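The residues making up each chain are set out below.
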Amino acid sequence: MDIKSSVRHRREARIRELLEGGAGQDDGFELTPTVRDHSQEPGQRTSGVRAGQEAPSPRPGGRLEPLAAGDEPDPEKLWKQRYRSWYGPPGADPEDPGEPPRRASFMNSLLRRLVVSTLVFGLVWGVFNIQHPWAVRAQAFVIESLSREMDFQAAQAWYEDHFGGAPSFIPIFGQTEGSSTKVNAHSTLAAPLEGRLVQSFAVDLKGIVLEATGGSLANREVRSIETGRVLEVKETPDNGYTIVIQHTGERRAMYSRLGETHLKVNDWVEGGEVIGILSLSEAGGLPALYFELKEGNRSVDPAEVIPFD
């Protein structure tokens with residue numbers, strides 16, 4: 001039984017008790033007759049008071065004064081006071097609990113989200129400007145998380161199971177394997193260096209680093225991945241020679257950290273042709289090649305189109 005039903009039953013039982021007590025015994029009290037107020041709406045209840053007892057005077061606003069000491073309190077009134085006091089602060093007057101708390105406004109919610117976003121952005125920006133080992137690991141984790149492709153096929157299957165079809169307002173759900181644009185992974189591109197991958201594309205989203213298998217001249221030979229024309233040859237103290245070659249279509253490759261080369265701008269090269277020699281490492285380690293591959297203005301992960309052992 002809920003609280004409202006309990007209050008109603010208690011009020012009815014109290015009224016019956018008063019009526020039966022006044023009719024069955026002469027205890028010096030009698031009930032005043034109930035006078036119907038024709039100004040009241042049909043179905044609205046009227047109440048009587050004992051003879052000789054002063055009716056409680058209404059407060060401003062229609063509320064009744066509390067009963068005198070010793071009288072049984074009105075359970076409905078007690079319930080209303082307790083219910084309304086939930087809205088007020090601790091210790092507040094139950095008779096004046098105030099209005100229910102309002103929900104946060106849109107501007108306050110937007111401001112909180114903006115502050116949190118700014119803090120997250122500042123934290124990530126700070127991590128990418130620190131060159132400690134733990135920061136490098138954090139950078140790799142962030143880059144890997146942002147560059148990992150979402151499994152749209154699983155999302156589409158879940159949406160179809162729950163809603164009966166893929167949403168038309170998300171275009172990628174309607175794409176097929178044939179309509180998506182991908183780099184041709186079956187093109188015959190030669191590896192620029194016989195070595196192993198020591199830095200993946202996820203680190204800087206621009207290129208990779210290949211380490212030679214040895215320090216001999218044959219192991220340090222850098223080769224063109226396919227036929228192309230030399231666009232740029234430059235030398236810097238940090239990276240040695242850097243060669244940029246325009247290959248088939250909009251494909252362009254950059255070979256950096258070379259110790260020597262015989263190429264000049266506008267020279268043509270064939271796929272697999274030696275274009276330079278890596279310089280030996282001053283620290284005694286194995287020489288390494290920094291390699292970038294682009295399709296137009298978009299950087300491409302070379303490991304997706306070139307087989308590296």
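Residues numbered from 1 in each chain as written. Predicted model: local features only at pLDDT ≥ 70, side-chain atom pairs only at ≥ 80, totals over all residues. Heavy atoms only, no water.

*Asks:* Explanation requested: the pattern of salt bridges in the structure shown.
*Replies:* Scanning the entire structure with this criterion turns up seven salt bridges. One salt bridge connects Glu221 with Arg223, and the closest N-O pair in it is separated by 2.8 Å. Looking at Arg223, the relative accessible area reads 32%, which means it is partly exposed. Linked by salt bridges that have partners in common, Glu226, Arg251 and Glu295 make up one network. (Salt bridge = Lys/Arg side-chain N within 4 Å of Asp/Glu carboxyl O. Buried < 20%, exposed > 50% of the residue type's maximum accessible area, 1.4 Å probe, protein only.)

*Asks:* How should I be thinking about the environment of Ser145 in this particular structure?
*Replies:* For Ser145, the position within the fold is in helix 4 (residues 133–147). By relative accessible area, Ser145 is classed as partly exposed at 32%. Separated by 57 residues in sequence, Ser145 and Ala202 place their C-alpha atoms 9.3 Å apart. (Helix = DSSP H or I, 4+ residues; strand = E, 2+ residues; numbered from the N terminus.)

*Asks:* Help me understand the side chain of Ser224 in this model?
*Replies:* Position of Ser224 relative to the elements: it lies in the loop between strand 3 (221–223) and strand 4 (228–236). Reaching out from Ser224, the side chain makes a polar contact with the backbone oxygen of Glu226 at a distance of 2.6 Å. Once you skip the residues sitting within four places of it in the chain, Ser224 turns out to touch Ala190, Ile245, His247, Tyr255, Val269, Glu270, Gly271, Gly272, Glu273 and Ile275. (Polar contact = N/O pair within 3.5 Å; in protein donor to acceptor, adjacent residues only side chain to side chain. Contact = heavy atoms within 4.5 Å.)

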